[in-house]
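Structure at a glance
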Amino acid sequence: MNKSKYEKKLDRIMKNLKINKYDYNWDRYGSWIQFHYKEDLYRLEHNIEKARIQGIIIHYGSEAFAQIVLALEDLYKVINRGIYNLDTWLSGMRLPSEINNTNEYYELLGFTQKPSSVNEIWEQYHKRIKNLDLDNNGTKPAAEALKEAAERAVEQLTGHAQ
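Residues numbered from 1 in each chain as written. Predicted model: local features only at pLDDT ≥ 70, side-chain atom pairs only at ≥ 80, totals over all residues. Heavy atoms only, no water.

**Focus on the overall build of the protein**
When you go through the protein residue by residue, the secondary structure sums to seven helices and three strands. Secondary structure elements of the protein, listed N to C terminal, follow the sequence α-β-β-β-α-α-α-α-α-α. Burial status across the protein gives 35% buried among its 162 residues. When contacts within the protein are restricted to residue pairs at least 6 apart in sequence, those whose partners lie at least 24 apart make up 50%. Roughly 10500 Å² of accessible area belongs to the protein as shown, and the carbon and sulfur atoms make up 45% of that amount. (Helix = DSSP H or I, 4+ residues; strand = E, 2+ residues; numbered from the N terminus. Buried < 20%, exposed > 50% of the residue type's maximum accessible area, 1.4 Å probe, protein only. Contact = heavy atoms within 4.5 Å. Areas by Shrake-Rupley, 256 points an atom, 1.4 Å probe, with all protein chains shown as cover.)

Dropping the structure here:
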C-alpha cells in the first residue's frame, strides 16, 4: 500500500521530533494522530464539525488528517528554530486535570480552562455561533453541536440540566 503525501510527511516529522512510537487514522468525518513521548500518550484529533465551528470548511477526514500533520510540521519548525522545545510545547498542551473528563464540551466552545460561570459559557457560545454562516445548510449540524456543547457544559458546571 502506497503512503499518501501526508503520511510520508508525518513519518519525516516524527523522525525529526525523535518520536518512534505513533499511530494515526482517519475516516469519513475526522482523524487522529497519537504518539508516545517520555512515557506519556498524546492524541491530536480533528474533524469536519470542529473545523466548521472554527469557520474552516473541510469535506473529508483525510483533510482533517492533513491539517493535523501541517500543525505538527509548524510545531517542528518552531522547535527547530530554537524558540521552544517539545517538552515546553507538550506541557502547555495539557488541559487542567479538572476538565480532562469533560474537555470535549469546553474545547468545542474554545475554553482552555474550566469556565467560572454559566454566563461565561453562554457568552462563549454566542461568540462561536456568530462565526457560523447560518444561511449555509452545512453549518446547521455545527450550530446544533455547538448548542449541545454549551448545554452540556452548563450541566457539568452546575451539576444539573438547564
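That shown, we press on.
**A look at the side chain of Q124**
Note that Q124 resides in helix 6 (residues 118–130). When its relative accessible area of 16% is taken as the criterion, Q124 is described as buried. Apart from the residues within four sequence positions on either side, Q124 is in contact with L109, G110 and F111.

**Remarks on the nonpolar core**
L10, I33, F35 and L72 are the most contacted members of the largest nonpolar core, which totals 20 residues. Mapped by element, the contributors of at least two residues to this core are helix 1 (5–16), strand 2 (30–37), strand 3 (40–47), helix 3 (61–80) and helix 4 (86–93). Examining the composition of this core, we find that seven residues originate from one element, helix 3, more than from any other. Beyond its immediate chain neighbours, meaning those up to four positions away, I33 contacts L10, M14, D23, Y24, Y42, R43, L44, F65, I68, V69 and L72. Ranked by size, the runner-up nonpolar core spans 16 residues in total, among them Y125, I129, A150 and A153. (Core = buried A, V, L, I, M, F, W, Y, C linked by side-chain atoms within 4.5 Å.)

**As for the pairing of strand 2**
Extensive coverage of strand 2 is indicated by the burial of six of its eight residues. Two strands pair when backbone bridges link them, and strand 1 (residues 22–26) and strand 2 are joined in this way by five bridges, in the antiparallel orientation. Paired with Y22 across the strands is F35, a residue of strand 2. Here strand 1 folds back onto strand 2 in antiparallel fashion, the turn holding three residues. Summarising the sheet, strand 2 and strand 3 pair through eight bridges and their orientation is antiparallel. Within the sheet, the bridge partner assigned to W32 lies in strand 3 and is E45. Hairpin connection between strand 2 and strand 3: a loop of two residues separates the two successive antiparallel strands, and K38 in this loop has a positive phi of roughly 50°. (Pairing = 2+ DSSP bridges.)

**Quick look at the pattern of salt bridges**
Enumeration according to the criterion identifies six salt bridges in this entry. Across the pair K9 and E73 runs a salt bridge, and its minimum N-O distance is 3.0 Å. Here E73 lies in helix 3 and K9 lies in helix 1, a separation of 64 residues in the sequence. Each member of the pair K9 and E73 is classed as buried. Among the ionic pairs, E49 bridges to R52, the shortest N-O distance being 3.2 Å. Residue E49 and its partner R52 are located together in helix 2 (residues 48–53), separated by three residues, close to a single helical turn. (Salt bridge = Lys/Arg side-chain N within 4 Å of Asp/Glu carboxyl O.)

**Section: the packing of helix 6 against helix 7 (residues 140–158)**
Between helix 6 and helix 7, the shortest axis-to-axis distance is 10 Å and the interhelical angle comes to 170°. Comparing their axes, helix 7 and helix 6 come out roughly antiparallel. Residue-level contacts link V118, I121, W122, Y125, R128 and I129 of helix 6 to A143, L146, K147, A150, E151, A153, V154, L157 and T158 of helix 7. Residue composition of the contact of helix 6 with helix 7, by class: 11 nonpolar, one polar and three charged. (Axes fitted to C-alpha atoms, helices over the stretch in contact; angles between N-to-C directions. Parallel < 35°, antiparallel > 145°, perpendicular 65-115°, else oblique. Nonpolar A, V, L, I, M, F, W, Y, C, P; charged D, E, K, R; others polar.)

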